[in-house]
Amino acid sequence: MAGSSSGRKKPNVLVTGTPGTGKTTTSSFLAEATQLRHVNVGDLVRDKNLHDGWDEQFACHVINEDLVCDELEDMMEEGGNIVDYHGCDFFPERWFDRVVVLQTENSVLYDRLSKRGYTGAKLTNNIECEIFQVLLEEAKDSYPEDIVVALRSDTIDDINRNVATLTDWVRNWCPKPE
Ligand code: ADP
Ligand code: MN
């Protein structure tokens, strides 16, 4: 829908960051605390075949961004979603009221991704992605500066604090005036 006012009664939050930074863990706790809907885009792509096949080199689906956006449009317009994905530049800017970029210290992230079974180029690429703050830059390039927030996600305490902070934010969010 065009126009400056979104018309949503509940906010949409994007939780992004390098794989392993805690997006899914944080999003599921936040969904529990706020009763917003957790949308795990990776799962959605797999379950609804919103991809153009399998990338052998990176061992992941080649996401079809148009199909994903079409699939999510109605839900996003309605509001009340926590979108969990390791990319953010292809979603419409108007969808989100808050964009959270999770960040993790390199050695901590290295251990998490190794535990997840990542090796070789896949492991190195993701660590470099974190070192160069690729997702933070992507978020800043794609959304208004005042809705983007970077949060540290090294420890369980960090997760608890981030969930508490974001829960407060969701509870205090007000719909935009028409
Ligand atoms: P993502 O969805 O960003 O890939 P996950 O939420 O799946 O990340 O987390 C990856 C792994 O790291 C999980 O085993 C999770 O328990 C652990 N983890 C994530 N964030 C933290 C954190 N802040 N402190 C401790 N462990 C974490
Ligand atoms: Mn995840």
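What counts, and at which threshold
- Residues numbered from 1 in each chain as written.
- Chains lettered and ligands numbered in written order.
- Predicted model: local features only at pLDDT ≥ 70, side-chain atom pairs only at ≥ 80, totals over all residues.
- Heavy atoms only, no water.
- Helix = DSSP H or I, 4+ residues; strand = E, 2+ residues; numbered from the N terminus.
- Rg over C-alpha atoms; globule rule 2.2 N^0.38 Å.
- Buried < 20%, exposed > 50% of the residue type's maximum accessible area, 1.4 Å probe, protein only.
- Areas by Shrake-Rupley, 256 points an atom, 1.4 Å probe, with all protein chains shown as cover.
- Lys, Arg positive; Asp, Glu negative; His and termini not counted.
- Charge placed at Lys NZ, Arg CZ, Asp CG, Glu CD.
- Core = buried A, V, L, I, M, F, W, Y, C linked by side-chain atoms within 4.5 Å.
- Contact = heavy atoms within 4.5 Å.
- Pairing = 2+ DSSP bridges.
- Axes fitted to C-alpha atoms, helices over the stretch in contact; angles between N-to-C directions.
- Polar contact = N/O pair within 3.5 Å; in protein donor to acceptor, adjacent residues only side chain to side chain.
- Phe/Tyr/Trp six-rings, centres within 6.5 Å; stacked < 30°, edge-to-face > 60°.

Colleague: Outline the overall build of the protein chain, listing residues and values.
Modeller: When helices and strands are counted, the protein chain shows seven helices and seven strands. Secondary structure elements in the protein chain, listed N-terminal to C-terminal, are β-α-β-α-β-β-α-β-β-α-α-α-β-α. In terms of C-alpha radius of gyration, the protein chain reaches 16 Å, essentially the compact-globule figure of 16 Å for 178 residues. Along the three orthogonal principal directions, the C-alpha set of the protein chain runs to about 50 × 40 × 30 Å. A total of 178 residues make up the protein chain; the buried ones form 46% of that total. In the structure as shown, the protein chain presents an accessible area of about 9600 Å², 49% of it carried by carbon and sulfur atoms. Counting 18 positive and 32 negative side-chain charges, the protein chain places the averaged centre of each group 6 Å from the other.

Colleague: Tell me what's going on with the nonpolar core, and back it up with residues and numbers.
Modeller: Counting residues in each nonpolar core, the largest one holds 27 residues, and the members touching the most others are Val-41, Val-68, Leu-72, Phe-91, Phe-96 and Tyr-143. Only helix H2 (41–47), helix H3 (65–78), strand S6 (98–103) and helix H6 (134–142) provide two or more residues apiece to this core. Among the elements that make up this core, the one with the highest residue count is H3 (four residues). The residues touching Tyr-143, leaving out its near neighbours within four places in the chain, are Leu-14, Cys-88, Phe-91, Pro-92, Glu-93, Phe-96, Val-99 and Val-148. In terms of nonpolar packing, the next biggest core, distinct from the first, is built from twelve residues, Val-13, Ile-82, Leu-166 and Val-170 among them.

Colleague: Account for the sheet that holds strand S7 (residues 148–152), with residues named and values stated.
Modeller: Within a sheet, each strand pairs with its neighbour through backbone hydrogen bonds, oriented either parallel or antiparallel. Taking strand neighbours across the sheet as the criterion, the five strands line up as S2-S5-S1-S6-S7 in an open arrangement whose pairing is parallel. Two strands close off the open sheet at either side, each with one partner strand: strand S2 (37–40) and S7. Averaged over all pairs of adjacent strands, the angle between strand axes in this sheet comes to 20°, irrespective of strand direction. Sitting on the sheet, helix H1 (residues 23–34) touches strand S1 (13–16), S2, strand S5 (81–84) and S6, and the angle it makes with S5 is about 175°. Most of the contacts of H3 go to S2, to which it runs at about 155°, and overall it touches S2 and S5.

Colleague: Explain the side chain of Thr-34 to me, and be specific about the residues and the numbers.
Modeller: Position of Thr-34 relative to the elements: it lies in helix H1. In this structure the side chain of Thr-34 is engaged in a polar contact, spanning 2.6 Å, whose partner is the backbone oxygen of Leu-30. Not counting the four nearest positions on each side in its chain, Thr-34 is found in contact with Ile-82, Thr-167 and Val-170.

Colleague: Could you give an account of the side chain of Thr-16, with specific residues and numbers?
Modeller: Relative to the helices and strands, Thr-16 resides in strand S1. Residue classification places Thr-16 among the buried residues on the basis of a relative accessible area of 0%.

Colleague: Could you give an account of the packing of aromatic side chains, naming the residues involved and the relevant values?
Modeller: Inspection of every chain in the model, using the stated rule, returns seven aromatic pairs. An angle of 75° between the planes, with centres 5.8 Å apart, marks the rings of Phe-91 and Phe-96 as edge-to-face. The pair Phe-91 / Phe-96 is uniform in exposure class, with both members buried. Summarising the aromatic geometry, the rings of Phe-96 and Tyr-143 are spaced 5.9 Å apart at their centres and angled 75° between planes, so their arrangement reads as edge-to-face. Of this pair, Phe-96 sits in the loop between S5 and S6 while Tyr-143 sits in the loop between H6 and S7, placing them 47 residues apart in sequence. The burial state of Phe-96 is the same as that of Tyr-143; both residues are buried.

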